[in-house]
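Descriptive structure summary
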Amino acid sequence: MALDEWNDPDDTGAARSKDGHGTGLTMAGAAFLFLVLRLFAVAHYDWHTAFAVLHTIDLNDSVGIVLGTVMADSLATTVFFALLVPVAVLRLAVSVYAADQGAPGTRRGAPPHTRPDLVSAVLLLIALLAVGVYVMTFHAWWLPPIVAAACALLLGFAYGVRAGGALRRAALWASHHLGTLLVLVLLVGAATVRTPWVPLERIELRGGPTLRGYVMQAEPGFLKVLTAKDREFLILADSAVASRAEITEH
């Protein structure tokens, strides 16, 4: 099948309702899987530790957990930006090209003049802003060249190889399935990033050792801490803690 030949979806109300219901179930399942993977990853895949961490999570923390997964680990941040920015650039380029004359991968029978993909434009703007903040904060001047090289490579696959080639099909598939790709990247990150979604802290105990760990929950009277090295789950009384200081290493 040619790249510019996409079968039109069924536009009936019943089909749209069914697709929306299926999408909702898929996203709910992906969210549940993400949470389970994060629990086991930060617990170093220990069942008892994961069960203890589970009771520190509030459903209102979901956005913080997702963003914390990306922001807590430098490798995860680099991979996320190196994948997200190029695909968003390609998706925007395809939509802009389609607005003029129809781009590879647009649906058959689509109007010749369509609006550029504003969602991709906004997503790209947010991603570029995040890249800029990351570079300025950690002096990671190596990150923009990596992102730029990934953009050039993906655009080369989409427009610099012969029509119908496997690389071109893969590049255009990624541009048309940005949401799916984003979910897959987050799920892989959830399973592999072992850094929790909260900052690392140095916790000095009264008359005891100094701990390096993650405060998973702070309630009046006690702290729930996951140690950095052994991933031991501790409950510390406030009176036992002399001081706390965030460790700003990435």
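Our subject in this report is the structure included herewith. Note that this is a predicted model, so its numbers are computed, not measured.

**Structural notes on the nonpolar core**
If you look at the biggest cluster of nonpolar residues, it comprises 34 residues, and the most contacted ones within it are Phe 80, Phe 81, Val 85, Leu 143, Trp 197 and Met 216. Only α1 (13-42), α2 (47-54), α3 (62-72), α4 (74-100), α5 (118-138), α6 (143-159), α8 (178-192) and β2 (210-219) provide two or more residues apiece to this core. Excluding residues within four positions of it along the chain, Met 216 makes contact with Val 53, Thr 56, Pro 196, Trp 197, Val 198, Lys 224 and Leu 226.

**Some words on the sheet that holds strand β4 (residues 233-237)**
If you walk across this open sheet you meet the 5 strands as β4-β3-β2-β1-β5, and the pairing is antiparallel. At either end of the open sheet lies a strand with only one pairing partner, and these are β4 and β5 (241-246). Ignoring which end each strand starts from, the neighbouring axes of this sheet average 45 degrees apart. By the bridge criterion, 5 bridges tie strand β1 (residues 200-205) to β5 in an arrangement that is antiparallel. Note on β5: the bridge partner recorded for Arg 202 is Ala 245.

**Considerations on α6**
With 17 residues, α6 extends 24 Å between its outermost C-alpha atoms, agreeing within 8% with the 24 Å of an ideal straight helix rising 1.5 Å per residue. Among the residues of α6, Leu 143, Val 147, Ala 150, Cys 151, Leu 154 and Ala 158 are the ones counted as buried. Down the axis of α6, the smallest arc covering the buried residues is 100 degrees, so these residues share one side.

**Observations regarding the packing of aromatic side chains**
Evaluation of the coordinates by the stated rule reveals 5 aromatic pairs. Considering the side-chain rings of Phe 40 and Tyr 45, the 6.3 Å spacing of their centres and the 5 degrees angle between planes classify their relative orientation as stacked. Residue Phe 40 is classed as partly exposed on the basis of its relative accessible area, which comes to 22%. Classification of Tyr 45 as partly exposed rests on a relative accessible area of 41%. With a centroid separation of 5.6 Å and 45 degrees between ring planes, the pair formed by Phe 40 and Trp 47 is classed as tilted.

**Here's the deal with the pattern of salt bridges**
The final tally for this structure, using the stated rule, is 1 salt bridge. Glu 201 is the partner of Arg 244 in a salt bridge, and the nearest nitrogen-oxygen pair spans 2.8 Å. Taken together, the residues span a long stretch of sequence, with Arg 244 in strand β5 and Glu 201 in strand β1 at a distance of 43 residues. Exposure remark for Glu 201: the relative accessible area of 11% places this residue in the buried category.

**What about a nonpolar patch on the surface?**
On the surface, a nonpolar cluster with roughly 370 Å² of combined accessible area is contributed by Trp 47, Phe 51 and Leu 54. Position of Leu 54 among the secondary structure elements: in helix α2. According to the relative accessible area criterion, Leu 54 is partly exposed, its value standing at 36%.

**Observations concerning unusual backbone geometry**
The backbone of His 44 shows a phi angle near 55 degrees, a positive value even though the residue is not glycine. Of note, His 44 is situated in the loop between α1 and α2. With a relative accessible area of 33%, His 44 lands in the partly exposed category. Its identity as a non-glycine residue notwithstanding, Arg 231 has a phi of 55 degrees, on the positive side. With respect to the helices and strands, Arg 231 occurs in the loop between β3 (222-227) and β4.

**Considerations on the environment of Ile 247**
On the secondary structure map, Ile 247 appears in the segment after β5. By relative accessible area, Ile 247 is classed as buried at 11%. In this structure, the C-alpha to C-alpha distance between Ile 247 and Arg 202, residues 45 residues apart in sequence, is 6.5 Å. The residues contacting Ile 247, other than those within four sequence positions of it, are Leu 200, Glu 201, Arg 202 and Arg 212.

**Some thoughts on the side chain of Thr 49**
Mapping Thr 49 onto the fold places it in helix α2. A residue is classified by how much of its surface remains accessible, and Thr 49, at 10% relative accessible area, is buried. Not counting chain neighbours up to four residues away, the residues in contact with Thr 49 comprise Ala 43, Leu 226 and Arg 231.

Parameters and conventions
- Residues numbered from 1 in each chain as written.
- Predicted model: local features only at pLDDT ≥ 70, side-chain atom pairs only at ≥ 80, totals over all residues.
- Heavy atoms only, no water.
- Core = buried A, V, L, I, M, F, W, Y, C linked by side-chain atoms within 4.5 Å.
- Buried < 20%, exposed > 50% of the residue type's maximum accessible area, 1.4 Å probe, protein only.
- Helix = DSSP H or I, 4+ residues; strand = E, 2+ residues; numbered from the N terminus.
- Contact = heavy atoms within 4.5 Å.
- Pairing = 2+ DSSP bridges.
- Axes fitted to C-alpha atoms, helices over the stretch in contact; angles between N-to-C directions.
- Expected span 1.5 Å × (residues − 1).
- Arc of directions from axis to C-beta.
- Phe/Tyr/Trp six-rings, centres within 6.5 Å; stacked < 30°, edge-to-face > 60°.
- Salt bridge = Lys/Arg side-chain N within 4 Å of Asp/Glu carboxyl O.
- Patch = residues over 30% accessible without salt bridge, like charges linked within 9 Å, V, L, I, M, F, W, Y side chains within 5 Å.
- Areas by Shrake-Rupley, 256 points an atom, 1.4 Å probe, with all protein chains shown as cover.

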